[in-house]
Structure formats: C-alpha cells, structure tokens
Amino acid sequence: MSSEIAEKIDQLATVIRDHQFRYYVLDKPIISDSEFDVLLKELEALEKKHPQYKTADSPTAAIGGGFATEFQQRDHIEKMMSLDNVFGSEELDTWFDRIEKSDVKNTWLCEVKVDGLAINLLYKDGVLTQALTRGNGVTGEDVTLNIKTISAIPHQLKGSSYPTLLEVRGEVFFPTKAFNEFNAALASDGKSSFANPRNAAAGSLRQKDPRVTASRPLSMVVHGIGACEGASFDSQSNAYELLASWGLPTSTRTKVVKTRAEVLDFVNYYGEHRHDVEHEIDGAVIKVNEINIQEQLGFTSRAPKWAIAFKYPPEEVTTKLLDIKVSVGRTGRVTPFAFMEPVLVAGSTVSNATLHNQEEVIRKGILIGDTVIIRKAGDVIPEVVGPVIEKRNGSEKAFVMPTKCPDCGSKLRAMSEGDVDIRCPNTQSCPAQLRERLYYIGSRSALDIDVLGYEAASALLDSKLVEDEGDLFGLSEKDLGKSEFFTKKDGGAGKNAEKLITALEIAKARPLWRIIVALSIRHVGPTAAQSLAKAFGSIDAISAASLEELSAVDGVGGIIAESVIEWFEIDWHKTIIKKWKKAGVQLEETFINENPQTLAGLTLVVTGSLESFTRDGVDEVIVLHGGKSAGSVSKKTDFVVVGSEAGSKAKKAEELGVKILNEAQFKVLLASGPDALK
C-alpha cells in the first residue's frame, strides 16, 4: 500500500510539473486554472497525510512553478479600464441621459474603435521603458522588446515639454491590406493562416524572437492616458494634440462635436465606411471631451462613466447556396447545414453554416441554389439569415431531409413524440457518431486531450484500432503503429503516437465530472456532470442510483435523470465502463475539495466575458464553492454576474429584481459569502 501511495504522489507531481511547464514556459496550457488547482490540492492533501513521501522538489514547495517565463507579469501604474458597450441609438440615448443628469455642459469626442490588441506604454523622462498587454487590467505581460520593433512607436518622445512619467494606452493592429498579403503568403507556403487581423497582431506580439515581430507590419493608435506626472490636459482632444506633438501615433479619425445628432452622424458614417479604414474597426467610441467633467463623472469598477463604445452589428454578406447537406452528431442527431460558395464575413472565410433542423429550413424559406444572406452571430457562429428572393431564376429546388443515415444507412427517426430532431438509432456502430464521440472526448468540455482531434479520431477508426470509445484507453504505441497518421515515414510510432499515449495517461486522472461528460450521455453537460460527481462520488454509484435519487440532485432533474438511467441500461455502454476501469481510468472522485463553501445553496447565472475566468472555468469555480451555475435567469436565481458584452440575461435580472454583481463583487462573494456583500 505504501509503495502505491508513493507512486501516486510521484505520478501526480509529474503531471503537475508538466502543466506548470505548459503554462509558465510554453504559454499553451491544456487545462483550466481551476483544474490545475484541484490537482495541486490533491497533491497537498496526499503529502499532508503521508509526509514521508514528499520530495524536496515537490510542486507544492515551489512558487509559481519555478520556471522563468518569456513574458514577465508586471503591474500597470494605473488600472487599464474597459469600456461599456451600447448596440443601438436607444441605448446610446440612455447613456446620454445619464451624462446630462449631471447638469454638465460639454462637447463630445468621437473616434473609431480599433479592433486590435490593447497595450500600455510607459515613458519615463521621455524614454520608452516598458510595454504591457492589458491582462486583467491590473497586471499585464511585458512585451517591451517586441513593441520596440514597431516603427510607429517612438523610443524617445519628441520635444522637451513631455511629462516626467507617462502611461499611454492604445491598440496595436495589423493593417488590413498587409494582413491579406501576409495571409496569402502563408497559404502559398502551405502554412496555417490567421483568422483575422486582430489574431495576427496578437500572434505577432507574442513571438519569442523580436526579429519575427519586426518582420510583421504592425502599427499602433494611442487613445488614452493612464498615470501622468508633469503635465495636465484641459480636454481629451487637447491630450491627443499633445500626444501627437510628442511623436505618438494618434488617430486622424477623431472629431469633436456638440450635439447628439452629430455623434450619430459620426457613428453612422463609419458604420457604412468601416472597410474604408486601413485597420479593422468594430465600432465607434464617444467620450466626454472636457477632462474636469470626466473627473466629476468618475468610474465604475471596470469602466469610465464618461465614455461608451457603440458596437456595430455583425456583418452580413451574400453568397450562393450550392447544396444543403446533413451531418450526424455524437448523439445521433442529424443536422442540415448549408454548403456555400466561400465568402469572407467578419474577418474569416465561411463555406458552411448550420441550419439546425428541417423545420428551420422551411421557416426561413431557403431553397438549394438560392443567393442567401450570411452573418456571424456574435461575430463567431456562421448563420444563414434567409434567401434573397429577387435573385431567384427558377432553377432553385427544395431541400428534402434524408430518410436514411448518410454514414451507416440506418433508417432515421424521431427519438420521441413531438421531437423536431431526426436521429440515427445506430448509436454503437454508426461511423459518424463514433467519430464525433471520440472527437468530443478530446474536447475542452470533456477530457481536454488536444492530440485527439478530428483527424486523430478518424485515423483510429479508419485503421480499426478502436471499435468504440471503450478501446481508447487500452491503446499502446505498438497499436498506433498500424496507422499512417501515427507513424513515422520509415515505420514505427511517431510523435503523434507518443503524444496521444502520454495525453491519454494524463486524462485517466481527470476529475470524475469530466469522465462523466466524456461518456456523451444525452443532456449531461459539465454542470449536470459536476452535480452528479459531487452527489454520488463514483460511476458505480451513479449507475446504481434510482430515478428518484438522480432527479433529487440539484441541477439534474427528471429529464437528465431519465437519460442517465437509459444510458446505463445499455449493455455496450456498461462494457465501455468496464474497459475504462481496466485501463486505469479514475472512475471515482479522488480529490479533496478544500474550497470554502461560500456559495452553498446559491444559484448564480454568469453573462458576458469575465477577465479572470473562462466560461467553463467560472462554472467549475461556482460548483467547487458549493453553488449552482444556471444557464437562465429566473426568480430562483440568487445572483447574476455580469461581465463585458453581457447579453439579455442582465436585463432579465433587472426586470425580476435579481441582485446583479460585477466581477469584483463576485470575487468577494467567492471569498467570503453573501454576508460580505452587505
């Protein structure tokens, strides 16, 4: 037993060091911060219980992983704030009304909103001494050497009237024309291209070798001031004039106006001419021009009250709908999707877009051969808005949903009465479903195995290395040598094989809730999986639980409970569990949750982007602190946490009188519970 404990501690320490190396040195973490914390707490608990096996170089004894990073973390002198957003003229009017309640007499400074990477430059006695990314607003990454390669940024300010200390905020961008040429060159060399200019700018600034950054045609526009000693400004426009006189790159697209109508004229003009600008823009920024009034209005915890960003709607373009095809998902759902002539929309090329189901195709009146309008919902997911009926010529034809699975030939059917989704019932051996399930196991939502992508999943199936996901963890490098994808040109296991076997070993020790997600039980996502893992503690206990016991778990309910019961009743599903257990997959909760249960009994909804948490990470943090993370706002919701670019959930919370928290307040709640907010 003692040797097993020592081996467990050694294995866990090795896994943690690997994650530290990926995070601190490679800057390519494969797990979230909260998952890493769980691993570290597990090691701490084992070492506390068995101190004789703790080594001098244990990760629990090191600070920050013990690695020197390429990009050091440093603090801004003054916090880098974000901007609040509005998306239409009515919301803009509401913001104007709030400003004018202060009975101020002011002018407005309008400028285009550069879609780039936020940077903070620090000048001491006129010399550029430091350049930091925004980071979390308090601390950013030092990219000084790379910033100094950008010709638009002076290393020494001009003249003699500059301040003794000056923080200058702005956006680094990749000019659109240069970006298109750069991407074309990458493609001609057979290399991966960047999705959009902003990604290209960020990637260029994060090069280890500044010479690589210097080869990229980056530029910058400054638009704000942080800490400043030795100078003062009457207005925002006056500040820009002085910044320009010191040699800093200010925008030529700014305008001082007196009325709301003039502000809207500026906003509308650049909304129509956004592609005439040399860099990508995603909106316009309106600021109170007078500095003394800015000071009167002040700040919220994250943004100035005297400035607002008017965000433009997602771009819409038209293209030809060549065909409507169907794809089969991991749970058998058959989804129609649009296959189109490739078209550039919101910075990336789109050729496919989901159509959800046959009823959606009918509702939108889409015919194969139509010219269709495409947009990116939230500038991320391609969506077919509808057809351009005026461009029809009579050759268009209606889409007919297939009756048989395109991958295995099984007869398609609805899984329940009234279900609009059509599914392939051949869940065990349908190649499409199995490929999607294997791919999903490797996803961030499940076991986070980045080597197990779509190509790897396809290769495992094509080479008949696995019959189903039950065989995954029993693979060896010798097995993988039978597949071209995993072998060297001269034979034998290649790097892909080595990486996959290593990643599978790490994945065996993932938290129980991630194992549950990886099983692809219908309706069971990360939140329900965390509730099940917390309530039952093992796969065996979950499989043995009754419908009533499962339904009683907070965050599960009747529909999910029925899906869990149905899943464990299928013999080949039971075989998957047996194979995984035999291969060493951890099917029991193994870590000690030492987080304070400050959210016990509370239901929270998170909307928008938080600076310190990922989407999955914040859900996990809520659960680890005893709370429930819900997807929608209701009267039963205790708190709604609102980040940047929050959606309709924030408005719903206001309507229902639910307490709204910003990120800083959420952190107080996590640390000390609801009483601390009083």
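Check the entry above for the structure.
We now turn to the structure provided with this report. Treat the numbers as computed from the prediction; the structure is a model and nothing was measured.

Let's talk about the sheet that holds strand 9 (residues 254-257)
Strand pairing in a sheet relies on backbone hydrogen bonds. The paired strands run either parallel or antiparallel. With respect to topology, 5 strands assemble into an open sheet ordered 2-11-10-3-9, the strand pairing being mixed. Either end of the sheet is taken by a strand with one partner, and the two such strands are strand 2 (85-86) and strand 9. Relative to strand 11 (residues 307-311), strand 10 (residues 281-288) runs antiparallel, the two sharing 5 bridges. From the neighbouring strand, V285 faces strand 11, where its bridge partner is A309. Across the sheet, helix 3 (residues 89-100) is in contact with strand 2, strand 3 (108-114), strand 10 and strand 11; its angle to strand 11 comes to roughly 175°.

Section: the packing of aromatic side chains
Considering all chains together, one arrives at 15 aromatic pairs under this definition. Between F485 and F486 the ring centres are 4.9 Å apart and the planes differ by 85°, which places this aromatic pair in the edge-to-face class. We classify F485 as partly exposed; its relative accessible area is 29%. Of the residues examined, F486 reaches a relative accessible area of 0% and is grouped as buried. An aromatic cluster is defined as three or more aromatic residues linked by ring pairs; in this entry it consists of W95, F96 and W108. A cation over a ring is seen here: K325 above F339, with NZ or CZ 4.2 Å from the ring centre. In this structure, R330 packs its charged tip against the face of Y440, placed 3.5 Å from the ring centre.

Things to note about the side chain of E167
Along the chain, E167 turns up in strand 7 (residues 165-173). Using a relative accessible area of 2% as the deciding quantity, one classes E167 as buried. A polar contact is formed between the side chain of E167 and the side chain of R169, at a distance of 3.5 Å. Residues in contact with E167, not counting those within four places in the same chain, are H76, I77, E78, N120, L121, L122, G224, I225, G226 and A227.

Some remarks on the pairing of strand 5 (residues 127-133)
Within strand 5, 5 of the 7 residues are buried, which leaves it mostly tucked inside the rest of the structure. Two elements, strand 4 (residues 117-124) and strand 5, share 6 bridges in a ladder whose sense is antiparallel. What sits directly across from K124, in strand 5, is V127. What sits between the antiparallel neighbours strand 4 and strand 5 is a turn of 2 residues, in which D125 has the positive phi angle 50°.

Looking at the layout of surface pockets
Volume-wise, the second largest pocket comes out at about 1100 Å³. Looking at the second largest pocket, it is lined by 32 residues, and the ones nearest its centre are D84, N85, V642, A650 and E654. Its residues assigned to classes, the lining of the second largest pocket shows 14 nonpolar, 10 polar and 8 charged.

Considering helix 21 (residues 571-583)
Its 13 residues give helix 21 an end-to-end C-alpha distance of 19 Å, which sits within 8% of 18 Å, the value for a rise of 1.5 Å per residue. By the burial criterion, the buried members of helix 21 are W572, H573, I576, I577, W580 and A583. Taken end-on, helix 21 shows its buried residues confined to a sector of 155°, consistent with a single buried face. With respect to the buried face of helix 21, the exposed residues turned more than 90 degrees away are D571, K578 and K582.

Digging into the pairing of strand 11
Within strand 11, 5 of the 5 residues are buried, which leaves it mostly tucked inside the rest of the structure. Residues A307, A309 and K311 line one face of strand 11 and the alternating positions I308 and F310 line the opposite face, and both faces are buried.

So, how was this worked out
Residues numbered from 1 in each chain as written. Predicted model: local features only at pLDDT ≥ 70, side-chain atom pairs only at ≥ 80, totals over all residues. Heavy atoms only, no water. Pairing = 2+ DSSP bridges. Helix = DSSP H or I, 4+ residues; strand = E, 2+ residues; numbered from the N terminus. Contact = heavy atoms within 4.5 Å. Axes fitted to C-alpha atoms, helices over the stretch in contact; angles between N-to-C directions. Phe/Tyr/Trp six-rings, centres within 6.5 Å; stacked < 30°, edge-to-face > 60°. Buried < 20%, exposed > 50% of the residue type's maximum accessible area, 1.4 Å probe, protein only. Lys NZ or Arg CZ within 6 Å of the ring centre and 35° of its normal. Polar contact = N/O pair within 3.5 Å; in protein donor to acceptor, adjacent residues only side chain to side chain. 1 Å grid on protein atoms, 1.4 Å probe; cavity = no way out; pocket = protein on both sides within 12 Å on 5 of 7 lines; lining within 4 Å. Points joined across faces, edges and corners; volume = space filled by probe spheres on them. Nonpolar A, V, L, I, M, F, W, Y, C, P; charged D, E, K, R; others polar. Expected span 1.5 Å × (residues − 1). Arc of directions from axis to C-beta.

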